[in-house]
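Spelled out, the chains give:
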Amino acid sequence: MTIKYNDNGLVPAIIQDATTKTVLMLGYMNEDAYQKTLETKRVTFFSRSKQRLWTKGEESGNFLNLVSIKNDCDNDTLLIQVNPIGPTCHKGTDNCWGEGNQSSYGFFSILEEVIKERVENKDTNKSYVASLFSKGINKVAQKVGEEAVETVIEAMDNNDELFLYESADLLFHYLMLLQAKGFTLKDIEAELKSRHK
């Protein structure tokens, strides 16, 4: 890999969780830090303040286990994907921006939060979600079954628009059922990961 180090012999290294894709920190590497990272499979930086190599976690035990290293289009910035052990920031947070390092499922994560808020607010007059939850888990489960049947029927037809519409209904109601049972997409992800060979 060709790396363009700056005039100080350093290259910025963006550290990203390989699973969640959360950016954890930014550090700098020189050639020795890069080589040590490859050899040990633990991310090592060149500390500008200490003027020496520094393996993240050497004191705290919160190592960054190497998954992959990519170079950007100009060969002057590295993207290093890792499996972090513990919090990354020296202040004890998951990343250096004080944010949590959790899986995100894009809009589905937002939808999970909306469902949760509407269930907690219990405004059955204004919220379909709250209204359905108020009828109990059997009604939520029944609705998932109905939407599944409608999705299957549309899958056998040639109307893709209706198939997508019913698929969205099914997924929405399934997210409701997950919450009614006390689970989230993260739990489903964990189950699927445990089956992956």
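Just so it is clear, the model here is predicted, and its values are computed rather than measured. (Residues numbered from 1 in each chain as written. Predicted model: local features only at pLDDT ≥ 70, side-chain atom pairs only at ≥ 80, totals over all residues. Heavy atoms only, no water.)

Let's talk about unusual backbone geometry
Alright, step 1. Despite not being glycine, lysine 21 shows a phi value in the positive range, around 70°.
Alright, step 2. Mapping lysine 21 onto the fold places it in the loop between β1 (11-17) and β2 (23-29).
Alright, step 3. A relative accessible area of 44% places lysine 21 in the partly exposed class.
Alright, step 4. At lysine 122, a residue that is not glycine, the phi angle is positive and equals roughly 55°.
Alright, step 5. Checked against the element boundaries, lysine 122 lands in the loop between α2 (107-121) and α3 (128-134).
Alright, step 6. The exposure class of lysine 122 is exposed, given its relative accessible area of 64%. (Helix = DSSP H or I, 4+ residues; strand = E, 2+ residues; numbered from the N terminus. Buried < 20%, exposed > 50% of the residue type's maximum accessible area, 1.4 Å probe, protein only.)

Observations concerning the sheet that holds strand β5 (residues 64-71)
Alright, step 1. Spatially, four strands are ordered β2-β1-β6-β5 in an open sheet, and the strand pairing comes out mixed. Here the strands that pair on one side only, and so sit at the sheet edges, are β2 and β5. In this sheet, neighbouring strand axes are inclined to one another by 30° on average, regardless of whether the strands run parallel or antiparallel.
Alright, step 2. Where β1 meets β2, six bridges bridge the pair, whose relative direction is antiparallel. In the strand pairing of β2, proline 12 is matched with tyrosine 28.
Alright, step 3. Strand contacts of helix α1 (residues 31-40): β2, β5 and β6 (78-84), with the helix running at about 120° to β5, the strand carrying the most contacts. (Pairing = 2+ DSSP bridges. Axes fitted to C-alpha atoms, helices over the stretch in contact; angles between N-to-C directions. Contact = heavy atoms within 4.5 Å.)

Re the packing of α2 against helix α5 (residues 160-180)
Alright, step 1. Where α2 contacts α5, the axes come no closer than 10 Å and their chain directions differ by 55°. By the angle between their directions, the pair α2 and α5 is classed as oblique. Crossing of α2 against α5: the hand is right-handed. Here Phe108, Leu111, Glu112, Ile115 and Lys116 of α2 come into contact with α5, specifically with Leu171, Phe172, Leu175, Met176 and Gln179.
Alright, step 2. Residue classes in the contact of α2 with α5 are distributed as seven nonpolar, one polar and two charged. (Parallel < 35°, antiparallel > 145°, perpendicular 65-115°, else oblique. Left-handed = near helix turned anticlockwise from the far one by under 90°. Nonpolar A, V, L, I, M, F, W, Y, C, P; charged D, E, K, R; others polar.)

Digging into the environment of arginine 52
Alright, step 1. For arginine 52, the position within the fold is in strand β4 (residues 52-55).
Alright, step 2. On a C-alpha basis, the gap between arginine 52 and asparagine 30 in space is 10.0 Å, while along the polypeptide they are 22 residues apart.
Alright, step 3. Excluding residues that lie within four positions of it along the chain, arginine 52 makes contacts with Phe45, Phe46, Ser47 and Glu58.

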